[in-house]
Amino acid sequence: MLVDALIIGGGPAGLVAAVYLVRFRRAVVVADSGLARASLIPRSHNCPGFPEGIGGDALLGRLRIQAERYGAALRRHQRTSRPNVYACGDIVDNSLNQISVAAGHAATAATAIHNSL
């Protein structure tokens, strides 16, 4: 799959980046573990457009729907047995700072935090 941008991290920052990029007609893949820290937030009052607040899972759900509606491809990824190496289908990232995207233009790490709860 040829992409213009690979976004690692499907939290709010990664999903908002995906929405902006696909609205500018870019081919975008979001590689996400499904363990966004935002999902741990019971109610956030720091999100514009939700004066009564919104739960982290609800916010992530809305952002995923919007990103996919405009054409972003959301893919699950997981850590491999090697430190800082992630796998996502045909995409293998050996360091979050250097990612090869076939015929692409950009790669963005929306997060590099791994929770150890």
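Scroll up a little and you will see the structure.
Residues numbered from 1 in each chain as written. Predicted model: local features only at pLDDT ≥ 70, side-chain atom pairs only at ≥ 80, totals over all residues. Heavy atoms only, no water.

S.K.: Explanation requested: the overall build of the chain in the structure shown.
M.R.: Helices and strands together make up the secondary structure of the chain, namely two helices and seven strands. Helices (α) and strands (β) of the chain occur, in sequence order from the N terminus, as β-α-β-α-β-β-β-β-β. Across the 117 residues in the chain, those meeting the buried criterion constitute 36%. If you take every contact in the chain between residues at least 6 apart in sequence, the share linking residues at least 24 apart comes to 53%. Accessible area for the chain stands at about 7600 Å²; split by element, carbon and sulfur atoms hold 51% of it. (Helix = DSSP H or I, 4+ residues; strand = E, 2+ residues; numbered from the N terminus. Buried < 20%, exposed > 50% of the residue type's maximum accessible area, 1.4 Å probe, protein only. Contact = heavy atoms within 4.5 Å. Areas by Shrake-Rupley, 256 points an atom, 1.4 Å probe, with all protein chains shown as cover.)

S.K.: Is there a simple way to think about the pairing of strand S1 (residues 5–8) in this case?
M.R.: The side chains of a regular strand alternate between the sheet's two faces. Along S1, one buried face is formed by Ala5 and Ile7 and the opposite face, lined by Leu6 and Ile8, is buried too. Across four bridges, the pairing between S1 and strand S2 (residues 28–32) is parallel. By the bridge assignment for S2, leucine 6 is matched with valine 29. Running through helix H1 (residues 12–23), the crossover from S1 to the neighbouring parallel element S2 is right-handed. (Pairing = 2+ DSSP bridges. Right-handed = clockwise from strand over helix to strand, strands pointing away.)

S.K.: Can you help me understand the environment of alanine 5 in this one?
M.R.: The topology assignment puts alanine 5 in strand S1. Sequence separation between alanine 5 and valine 29 is 24 residues, and the spatial gap between their C-alpha atoms is 6.5 Å.

S.K.: Any chance you could explain the nonpolar core here in plain terms?
M.R.: Generally speaking, a soluble globular protein has its nonpolar side chains buried in company with each other. Core analysis: the biggest nonpolar cluster contains 17 residues, and Leu15, Ala18, Val28, Val30 and Ala67 have the highest contact counts within it. With near-sequence residues (within four places) excluded, leucine 15 lies in contact with Gly10, Val30, Leu60, Leu63, Arg64, Ala67 and Leu74. In this structure, Leu6, Val29, Ala31 and Ala73 belong to the second largest nonpolar core, which totals six residues. (Core = buried A, V, L, I, M, F, W, Y, C linked by side-chain atoms within 4.5 Å.)

S.K.: How should the pairing of S2 be read in this particular structure?
M.R.: Judged by how many residues are buried, S2 sits mostly within the fold: five of five residues are covered. Burial along S2 is two-sided: Val28, Val30 and Asp32 and Val29 and Ala31, pointing in opposite directions, are all buried. Inspection of the sheet shows S2 paired to strand S3 (residues 73–76) by four bridges, in the parallel sense. Across the sheet, residue aspartate 32 finds its bridge partner in S3, namely arginine 76.

S.K.: How do you make sense of unusual backbone geometry when you look at a structure like this?
M.R.: For residues besides glycine, phi is generally negative; the peptide bonds are generally trans as well. Of note, arginine 25 is a non-glycine position whose phi angle comes to about 60°, a positive value. Among the secondary structure elements, arginine 25 is positioned in the loop between H1 and S2. For arginine 25, a relative accessible area of 75% corresponds to the exposed category.

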